[in-house]
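Okay, here's what each chain looks like letter by letter:
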Number of protein chains: 2
Amino acid sequence: MSYKDLSNVFEKYNHIQHINGVLYWDESSMMPKGGGSIRSKAIATLNTLGHNMLLDLTLIDKCSAAKSESLEAWEEKNLALMERQLKINQGFTPDFIERKSLLASKCEQLWPDFKKNNDWNGFKPYLQKLVDISIEESKILSDLLELNPYDALLDKYEPGLLMEHIDPVFDALKKELPQLVQEITKKQKSKPQPFCKVPQEKQRSLSLFLMKKLGFDFERGRLDTSPHPFCGGDPRDVRLTTKYHEEDFSSSIMGVLHETGHAMYEQGLPQKWLDQPVGKAIGMAAHESQSLFIEMQICRSEEFIQFLQPHLEEHFGKDTSLSLENLRQNYRNVEPGFIRIDADEVTYPLHIVLRYELERALFDGSLKVDDVAEAWNSKMETYLGINPKDQHSKGCLQDVHWPAALFGYFPSYTLGALIAAQLKETMQKALPNMKQDLLSGDFSNIFKWLRSNFHEHGSFYTTPELIQKITGQSVSEKAYLDNIRIRYLG
Amino acid sequence: MSYKDLSNVFEKYNHIQHINGVLYWDESSMMPKGGGSIRSKAIATLNTLGHNMLLDLTLIDKCSAAKSESLEAWEEKNLALMERQLKINQGFTPDFIERKSLLASKCEQLWPDFKKNNDWNGFKPYLQKLVDISIEESKILSDLLELNPYDALLDKYEPGLLMEHIDPVFDALKKELPQLVQEITKKQKSKPQPFCKVPQEKQRSLSLFLMKKLGFDFERGRLDTSPHPFCGGDPRDVRLTTKYHEEDFSSSIMGVLHETGHAMYEQGLPQKWLDQPVGKAIGMAAHESQSLFIEMQICRSEEFIQFLQPHLEEHFGKDTSLSLENLRQNYRNVEPGFIRIDADEVTYPLHIVLRYELERALFDGSLKVDDVAEAWNSKMETYLGINPKDQHSKGCLQDVHWPAALFGYFPSYTLGALIAAQLKETMQKALPNMKQDLLSGDFSNIFKWLRSNFHEHGSFYTTPELIQKITGQSVSEKAYLDNIRIRYLG
């Protein structure tokens, strides 16, 4: 009875999350500029209403009562997740929720202009406010969860993957990658030939073809465009976006494949539990492991490139830049650059290590907002040997995460990349015909494996638990580094 | 102090309305089918949350207290509208709001298939539920507002325009129009030549050109497609839709012009009051008067056709079907038909009279749901001399209004058409250069007049009050019939 009451409340809470998903997608891909101010306020009101739903103090009592009810394993896990959510929720006042929602929404809307105008000084006061409110949040979470404040933020995005897990892994990457980057770039003989120009409509048509091939269900989702590609919405209505560059189709195609990895995870979540916490994706590292599995492990493989090549010619027409050799070179070009989202899979983790270290320092007080740009540039110099200097739009102004107050989110990208490599390693043993499948563009066995081993577990396990269960190992850099060595130096 | 508290509550209530606008637009123009079920539930939850916002009983006390505060005229009017809204709101339980929202949303999603399959028998049980819940609603409103139950529904869509106002006007139309239709169709020598086929993209490009010409602000709105054109969203972010038919561009172009009339009203509402009840459009008859003013009074005028013709050739290429003479014939072809939304301006009101009479009978109990189809066909025979027989998708299954539980809405269309003609009559006296402006495609004076005389008043006046103020007359059929006689028989 108490469990049923709780799950009813959380079903309605999920409606708020559904609406938030639609509003976010709309704001990012459809909304005209004039709608920005009322939209921010409406989202803040919605978030406050959602927050208030879980504020009812009797709900915590119901959690205690529900524990003595006869529950099946999934219900038990769901109850634990509900209790955690209630506990977190009740630590925050509605005023805090509204303040943070308004601030983040406003800053996210202002940020594109700061970036466009390279206006770091203009953005700094906002970053200060964003850091301040996130410190306030991290302290409240820290008390509630008995975690270090920055750990409490990490825990929001990937429960249970904290600094003690991240540090040894990131240390290994910091040690290995700069050396590997040097070896790989030395080995690369020539720069790839730039791809031919391809009109947006043809790129879209190939994108839809590839999404269908991967098994994306268009009855439960759609593809649109936005300045920053993402995958959002609801498992029953997944909203993917990409951005088309006529002069570089591979960026949009890889973007679509990446987001389709996210989308397949969402569409593969356990149908019975979609409206409950236990039916959700575990966290952002788990999510990134699915998108990066597709983008990096599958779609940059020799077999996928061989499958893709004739379809490129069929959709775009013949061109020397579409040769197998040039595709390989483009898809596996390693080169330190300023921009995280344009980074290859080898240099990418160094972009993340940099952000992780800066955030930690911001949150333990050893770095001031005023000194972020300098610290950024100096770390870029150390890890990647390049320095954006006063081009802040290519430096500390480049990402939407800080304007959106998403501190603690960045490590998910690299943790996801490592997990993706671990999954590939395990999957290859389970699916002996995997290479043949990829050559013929048959993804059914791959997704069948991902569905039953990963997607269908929802949040029943934490990510470290699930990876242990699937691979027999903890989250580690080993498979990722092995793959890099074979792919680029093998 | 009390007034300020109330206006804060209503500002947040408006956020819910804003979100509802986005969700409705998304569902109608973007959402894949799989999202339907969760969307219905999410909207029901949102509506219940909005309803609960206004349930607080102390708000009514604040209304009383606010009356003794020193308020300016707009605040006073706003207070009266807030009090009315609170009174209505507090008459309904959250359970009723959720039940009605779920039912209407579900039926609206099911209806396209019933219509496609001509499945009147399948739809009937749903219609019964829709009528039942709307009767329940009408009785509650009837007690609260001291109105006849069907009047209480009419009052929802256009406050103050009730059966006692509608009956004499509709009686006059019923008397005059069948005769006029006969005279006009007799006078029409030949059928217009069908328009040339025009690809969707070219129609869209002309649509955007015309919207810009009319003065639509694309920083505060956008144009998309949906199966049923509408204008929704928020005055700061107006969402228009149309539907393109390659074989009949005039339907989409006229659709866009119609919806742009709605949109210009929204964009012209008083900026200072957009988040308050007094800043909203008055009602649906007022809204239709703006869309039909543009579509019928302006865009079927001789001057507009002369302005439009070279732009059609410029966008679509030369074709004999784009001659001035053929445009005139197409835009002024009168012919009784089954479908309301395809009806010309002369037969249109008879479609409305039919629906109005059926609804009244459903709500006073003299008509049963089981007998609706027969009653529909018999009235079509009487008023328009045609009978859809068992083609119900061209008869009583054609409109979305009943599936969406919008009983009492239909009269707004014809009341709007009559008001549009009254506005044109008055405007012509105020703007002696109007015809010249239209010939040159200059709409600035027309909209300047509409803004200051109509749009900027928001809900400060009721529609009958505003029409009296602008035209010196009550809402009447006279200007409409005069225009018909001059345009078609003159």
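The model shown is predicted, which means the values in this text are computed figures rather than measured ones. (Residues numbered from 1 in each chain as written. Chains lettered and ligands numbered in written order. Predicted model: local features only at pLDDT ≥ 70, side-chain atom pairs only at ≥ 80, totals over all residues.)

### Concerning the overall build of chain A
Item 1. Within chain A, the secondary structure is distributed over 20 helices and 3 strands.
Item 2. Along the first, second and third principal axes, the C-alpha set of chain A runs to 65 × 50 × 45 Å.
Item 3. Buried residues in chain A amount to 46% of all 490 residues.
Item 4. Long-range contacts, defined as pairs at least 24 residues apart, comprise 73% of the intrachain contacts of chain A with a sequence gap of at least 6. (Helix = DSSP H or I, 4+ residues; strand = E, 2+ residues; numbered from the N terminus. Buried ≥ 20, exposed ≤ 12 C-beta atoms within 10 Å, placed from the backbone. Contact = placed C-beta atoms within 7 Å.)

### Digging into the relation of the copies chain B and chain A
Item 1. You can overlay chain B on chain A at an RMSD of 0.0 Å; the transform is a turn of 180° with a shift of 0.0 Å along its axis. Classification of the inter-copy transformation places it as that of a two-fold axis.
Item 2. Both copies present the same face, since 100% of the interface residues in chain B are matched by interface residues at the equivalent positions in chain A. (Least-squares fit on C-alpha atoms with pLDDT ≥ 70 in both.)

### Let's talk about the environment of Ala405 of chain B
Item 1. Position of Ala405 of chain B relative to the elements: it lies in the loop between helix H15 (372–384) and helix H16 (411–430).
Item 2. Overall, Ala405 of chain B belongs to the buried group, with 23 C-beta atoms counted inside 10 Å.

### Let's talk about unusual backbone geometry
Item 1. The phi angle at Asn118 of chain A is positive, at roughly 55°, despite the residue not being glycine.
Item 2. Within the secondary structure, Asn118 of chain A is located in the loop between helix H5 (94–116) and helix H6 (120–145).
Item 3. On the basis of neighbour counts, which here come to 16 C-beta atoms within 10 Å, the residue Asn118 of chain A falls in the partly exposed class.
Item 4. Of note in the backbone geometry, Lys389 of chain B takes a positive phi value of approximately 50° without being a glycine.
Item 5. With respect to the helices and strands, the residue Lys389 of chain B is situated in the loop between H15 and H16.
Item 6. Here Lys389 of chain B falls in the exposed class, since 11 other C-beta atoms lie within 10 Å of it.

### Some points on helix H12 (residues 302–316) of chain B
Residues and elements named next belong to chain B.
Item 1. The end-to-end C-alpha distance of H12, which contains 15 residues, comes to 21 Å, matching closely the 21 Å that a straight helix rising 1.5 Å per residue would cover.
Item 2. The largest bend along H12 reaches roughly 30° and is located at Leu308, with the proline Pro310 sitting one to four residues downstream.
Item 3. Contact partners of the buried residues in H12: helix H9 (200–214), helix H11 (284–298), helix H13 (324–331) and helix H17 (434–439).
Item 4. Looking at the residues trailing H12, positive phi occurs at Gly317, about 90°. (Expected span 1.5 Å × (residues − 1). Bend = angle between axes of the 7 residues up to and from the residue.)

### Re the interface of chain B and chain A
Item 1. With 27 residues of chain B at the interface, the matching set in chain A holds 27 residues.
Item 2. Listed by contribution, the elements that provide at least two residues to the side of chain B that touches chain A are helix H1 (2–29), helix H2 (36–53) and strand E1 (221–225) of chain B.
Item 3. Taken together, the residues of the side of chain B that touches chain A break down into 11 nonpolar, 6 polar and 10 charged. (Nonpolar A, V, L, I, M, F, W, Y, C, P; charged D, E, K, R; others polar.)

### Thoughts on the sheet that holds E1 of chain B
All names here are of chain B.
Item 1. Read from one edge of the open sheet, 3 strands run E1-E3-E2, paired in mixed fashion. The sheet is open, and its two edges are formed by E1 and strand E2 (231–234), each paired on a single side. Between one strand axis and the next, the sheet turns by 20° as a mean value, whatever way the strands run.
Item 2. Here E2 runs beside strand E3 (residues 237–242); their pairing, made up of 4 bridges, is antiparallel. Counted as the bridge partner of Gly233 is Val238 from E3.
Item 3. Against the sheet, H1 touches E1, E2 and E3, its axis set at about 140° to E2. (Pairing = 2+ DSSP bridges. Axes fitted to C-alpha atoms, helices over the stretch in contact; angles between N-to-C directions.)

### Re helix H10 (residues 249–268) of chain A
Item 1. Counted at 1.5 Å a residue, the expected span for H10 of chain A with its 20 residues is 28 Å, and the 28 Å between its end C-alpha atoms agrees.
Item 2. Of all 20 residues that make up H10 of chain A, 18 are buried, and the element is covered over most of its length.

### As for the packing of helix H3 (residues 58–67) of chain A against helix H4 (residues 73–90) of chain A
All names here are of chain A.
Item 1. Running from N to C, H3 and H4 point in directions that differ by 160°, and their axes come no closer than 10 Å. As the angle between them shows, H3 and H4 are arranged roughly antiparallel. Pair H3 / H4 crosses with left-handed handedness. In this structure, H3 contributes Leu59, Ile60, Cys63, Ala66 and Lys67 to the contact, and H4 contributes Leu79, Met82, Glu83 and Leu86.
Item 2. Of the residues assigned to the contact of H3 with H4, the class counts are 7 nonpolar, no polar and 2 charged. (Parallel < 35°, antiparallel > 145°, perpendicular 65-115°, else oblique. Left-handed = near helix turned anticlockwise from the far one by under 90°.)

### Quick word on the domain arrangement of chain A
All names here are of chain A.
Item 1. By domain assignment, chain A separates into domain 1 (2–157) and domain 2 (159–490).
Item 2. Using only C-alpha atoms to locate each centre, domain 1 and domain 2 end up separated by 25 Å.
Item 3. Contacts between the two partners involve 47 residues from domain 1, matched on the other side by 47 residues from domain 2.
Item 4. Within the residue set of the side of domain 1 that touches domain 2, elements represented by two or more residues are helix H1 (2–29), H4, H5, H6 and helix H7 (149–157).
Item 5. For the side of domain 1 that touches domain 2, a count of residues per class yields 25 nonpolar, 13 polar and 9 charged. (Domains from an automatic or database assignment.)

### A closer look at the sheet that holds strand E2 (residues 231–234) of chain A
All names here are of chain A.
Item 1. Taken in spatial order, the 3 strands line up as E1-E3-E2 in an open sheet, and their pairing is mixed. Here the strands that pair on one side only, and so sit at the sheet edges, are strand E1 (221–225) and E2. Strand-to-strand twist in this sheet, taken as the mean axis angle between neighbours without regard to direction, amounts to 20°.
Item 2. Along the sheet, H10 contacts E1, E2 and strand E3 (237–242); its crossing angle with E3, the most-contacted strand, is approximately 165°.

### Examining the pairing of E3 of chain B
Residue and element names in this part refer to chain B.
Item 1. With 6 of 6 residues buried, E3 lies mostly within the body of the structure.
Item 2. The alternating pattern of E3 places Asp237, Arg239 and Thr241 on one face and Val238, Leu240 and Thr242 on the opposite face, and all of these are buried.
Item 3. In terms of strand pairing, E1 meets E3 through 5 bridges, oriented parallel. Bridging from a neighbouring strand, Asp224 pairs with Thr241 of E3.

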